[in-house]
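Architecture at a glance
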Amino acid sequence: MDLFDQKIERAGTHSVKWDMLKTVFGHEDLLPMWVADMDFKPPQAILNALDKRLKQPPYGYTFVPDSTGKAVASWLDRRHGWSIKPSWLLYSIGVVPSISVIIRALSEAGQQVLTMTPVYTPFFQMVELNDRKLETTLLKEIDGRYEIDWADFEEKLKETSIFLLCSPHNPSGRVWTEEELNKMSLLCREHDVIIISDEIHSDLIYRHAKHVPTALAGDLHEHIITLVAPSKTFNLAGLQASAIIASDQEILEKIKAEQTRLGFFTLNTFGIAAMEAAYTEGEEWLESLITYLEGNVSVVRDALKDIPGVYLIEPDSTYLLWIDYRETNKTDEEVQNVLLKKAKLALEPGEKYGEGGQGFVRMNIGCSREVVREGVKRLKHAFSNQ
Ligand SMILES: Cc1ncc(COP(=O)(O)O)c(C=O)c1O
């Protein structure tokens, strides 16, 4: 049996995905394939590191040691060919908190932040809740692949102070090419725009694709801030550990000052242990995970062939599948209704991702093959006429 076939009981662990179905969807008896974490145990090396730390009470204030920074740097070098200096690193309890902190540190209320839709919902919230002006450019879906509307992007950069990029892209799983990233970087530089590149999904890359860090693709990188974390890759979101990387010391100092103002000083003891173990010893497990996820994608791809008008946007990355049902002419409300009441399946409604999300659902396949098979069976049932 494959490691990832094991059934892990998550209900009753205060899991958002499993224990908040009633709160979020109004129904309890659903198969949860929504919020972005996986139903897999992290690699044994991480469990061992946590166990070791657990056996060393007390759990008082802990600083992030240099060895953790070295582990982050070594990982980025090994996996993505990006060599960073330890002095470029800051830590953060999460990528979403980092986005908020950076927006606060590097822009003023009322200034414009640009992002590409459809996109991960907190991209909108972090801009608006911090009283910045949200501007969006719509990604164009062309033959099942998302493309940037360069003319619109450049036009909107003129009034923008920060561009918030999702790379790889959630929800479509698109990996931006080096050429695209280079062009984004050049245009942003030309218009004096800072890029926040959220690369939380950058380790979960399918074998036909290649992720390039934006800061590496850009000829110059002082205006690019990169956010990475082991949380998606190794299923550690609850441990809240991530990193901010900025090569411009002035920018880094501003971010650090904002973190200090907000009282964010360090990470939690277990997050540090897990992050270091993940980036030091997690590689082999990750390779097996990617193979398993590729198998899960195949199951969905095959199943969707039997559902008229429903298509898979072929992912380059992530365990999040973006499924297009626009051709069925069903409304989002009708689809959510049949998913929840008839098929008993919890998927993320596409409209959550802003303009361009209508007519889509997002399915999380970070679960056993058995659950994926059951999920697609339910999806077929939802779109059937019975
Ligand atoms: C693009 C993206 N950024 C950030 C996050 C969440 O990051 P964190 O839990 O570190 O705040 C997610 C989670 O789904 C995501 O998809």
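It should be emphasised that the depicted structure is a prediction, and the values quoted were computed from it without experimental measurement.

With that out of the way, let us pick up the overall build of the chain. Helix and strand content of the chain: 15 helices and 15 strands. A globule of 386 residues ought to have a C-alpha radius of gyration of about 21 Å, and the chain, at 21 Å, matches this closely. Referenced to the eigenvectors of the C-alpha coordinate spread, the extents of the chain come out at roughly 60 × 55 × 35 Å. Split into buried and exposed, the 386 residues of the chain put 56% on the buried side. With the model as given, the accessible surface of the chain reaches about 16700 Å², and the carbon-plus-sulfur share is 51%. For the chain, the distance from the average position of its 42 positive side-chain charges to the average position of its 57 negative side-chain charges is 5 Å.

Turning next to the packing of aromatic side chains. Evaluation of the coordinates by the stated rule reveals 15 aromatic pairs. For the ring pair phenylalanine 25 and tryptophan 34, a centre distance of 5.0 Å and an interplane angle of 85 degrees mean the geometry is edge-to-face. Taking 5.4 Å as the distance between ring centres and 80 degrees as the angle between the ring planes, the aromatic pair formed by tryptophan 322 and tyrosine 353 counts as edge-to-face. Of this pair, tryptophan 322 sits in strand β12 (residues 320–324) while tyrosine 353 sits in the loop between β14 (348–349) and β15 (360–364), placing them 31 residues apart in sequence. The pair tryptophan 322 / tyrosine 353 is uniform in exposure class, with both members buried. An aromatic cluster is defined as three or more aromatic residues linked by ring pairs; in this entry it consists of Phe4, Phe40, Trp75, Phe234, Tyr279, Trp285 and Tyr292. Over the ring of tyrosine 292 we find arginine 369; its NZ or CZ atom is 4.3 Å from the centre of that ring.

With respect to the helices and strands, the residue asparagine 170 is situated in the loop between β7 (160–166) and α8 (178–190). Owing to a relative accessible area of 3%, asparagine 170 belongs among the buried residues under this scheme. Side chain to side chain, asparagine 170 and arginine 362 meet in a polar contact 3.1 Å long.

The next subject is the site of the ligand. Every residue near the ligand is listed here: Ala36, Gly94, Val95, Val96, Pro97, Tyr120, Cys166, Asn170, Asp198, Ile200, His201 and Lys232. Between the ligand and asparagine 170, the relevant distance is 2.7 Å, taken from an oxygen atom to a side-chain nitrogen or oxygen of the residue. A distance of 2.8 Å is found between an oxygen atom of the ligand and a side-chain nitrogen or oxygen belonging to lysine 232. Against a free-state accessible area of 400 Å², the protein chains account for coverage of 87% of the ligand. No other element matches helix α5 (residues 95–106), which puts three residues into the shell around the ligand.

Another aspect to go through is the pattern of salt bridges. Evaluated as defined, the whole model comprises 27 salt bridges. As a salt-bridge pair, arginine 79 and glutamate 287 come within 2.9 Å of each other at their nearest N and O atoms. In this pair, arginine 79 sits in helix α4 (residues 66–80) while glutamate 287 sits in helix α13 (residues 283–304), placing the two residues 208 residues apart along the sequence. With relative accessibility at 31%, the residue glutamate 287 sits in the partly exposed group. A salt bridge links glutamate 374 to lysine 377; the shortest N-O distance between them is 3.7 Å.

Before going further, it helps to spend a moment on α4. The end-to-end C-alpha separation of α4 is 21 Å, in line with the 21 Å expected for 15 residues at 1.5 Å each. Here α4 has its buried residues at Thr68, Gly69, Ala71, Val72, Ala73, Trp75, Leu76 and His80. Taken from the residues just after α4, glycine 81 is the one with a positive phi, measuring 65 degrees.

Before going further, it helps to spend a moment on the domain arrangement of the chain. When cut into domains, the chain gives domain 1 (3–43 + 283–383) and domain 2 (47–281). Using only C-alpha atoms to locate each centre, domain 1 and domain 2 end up separated by 25 Å. On the side of domain 2, 37 residues touch domain 1, which itself brings 38 residues to the contact. Of the roughly 3400 Å² buried at the junction of domain 1 and domain 2 (both faces included), carbon and sulfur atoms supply 52%. On the domain 1 side of the contact with domain 2, Glu283, Asp316 and Tyr353 bury the most area, a combined 22% of that side's loss. Taken together, the links from domain 1 to domain 2 amount to seven salt bridges. Across the salt bridge formed by glutamate 287 and arginine 207, the nearest N and O atoms sit 2.6 Å from each other. Taken together, domain 1 and domain 2 are joined by 23 residue pairs in polar contact (both at pLDDT 80 or more). Ranked by residue count, the leading element in the side of domain 1 that touches domain 2 is α13, at 10 residues.

For the rest of this paragraph, the subject is unusual backbone geometry. Residue proline 58 is reached from proline 57 by a cis peptide bond, and omega for that bond is 0 degrees. Along the chain, the position of proline 58 falls in the loop between α3 (44–54) and α4. Residue aspartate 192 is not a glycine yet carries a positive backbone phi of 60 degrees. Position of aspartate 192 among the secondary structure elements: in the loop between α8 and β8 (194–198). Of the residues examined, aspartate 192 reaches a relative accessible area of 68% and is grouped as exposed. Even without a glycine there, the phi angle at lysine 344 is positive, about 60 degrees.

About the thresholds
Residue indices follow the written sequence of each chain, beginning from 1 at its first position. Reporting of local features is limited, given that this is a predicted model, to residues whose pLDDT is at least 70; pairs of side-chain atoms are given and counted only at 80 or more, and all residues count toward the totals for whole chains, interfaces and linings. Derived side-chain values reflect all non-hydrogen atoms in the structure, with water molecules and hydrogen atoms excluded from consideration. Strands here mean DSSP runs of E at least two residues long; helices mean DSSP runs of H or I at least four residues long; both are numbered from the N terminus. This radius of gyration counts C-alpha atoms alone. The globule rule is 2.2 Å times how many residues there are, raised to the power 0.38. Under the scheme applied here, a residue whose accessible area is under 20% of the maximum for its type counts as buried, over 50% as exposed, and between as partly exposed, the area being computed with a 1.4 Å probe on protein chains only. Per-residue and other accessible areas were derived by the Shrake-Rupley procedure at a 1.4 Å probe size, with only the shown protein chains allowed to occlude residues. The charged-residue count follows a simple rule in which Lys and Arg add positive charge and Asp and Glu add negative charge, with His and chain termini not counted at all. Positions of charges follow a simple convention, taking NZ of Lys, CZ of Arg, CG of Asp or CD of Glu. Side-chain rings of Phe, Tyr and Trp (the six-membered ring for Trp) are treated as a pair once their centres are within 6.5 Å; stacked means planes under 30 degrees apart, edge-to-face means over 60, and tilted covers the remaining angles. As a reminder, the over-ring test applies to NZ of lysine and CZ of arginine, requiring each to be within 6 Å of the ring centre and within 35 degrees of the ring normal. Polar contacts, as counted here, are pairs of nitrogen or oxygen atoms within 3.5 Å of one another; within protein the pair requires one atom able to donate a hydrogen and one able to accept it, and residues that are adjacent in sequence qualify only if both atoms are side-chain atoms. It suffices for a single heavy atom of a residue to lie within 4 Å of a molecule or strand for the residue to be listed as near it. Salt-bridge detection follows one rule: a side-chain nitrogen of Lys or Arg within 4 Å of a carboxyl oxygen of Asp or Glu. The length a helix should cover is 1.5 Å for every residue beyond the first. These domain limits were set by an automatic method or by a database of domain assignments. It only takes one pair of heavy atoms within 4.5 Å for two residues to be counted as in contact. Take the accessible area each of two parts loses on contact, using a 1.4 Å probe, and add the two losses: that sum is the buried area.

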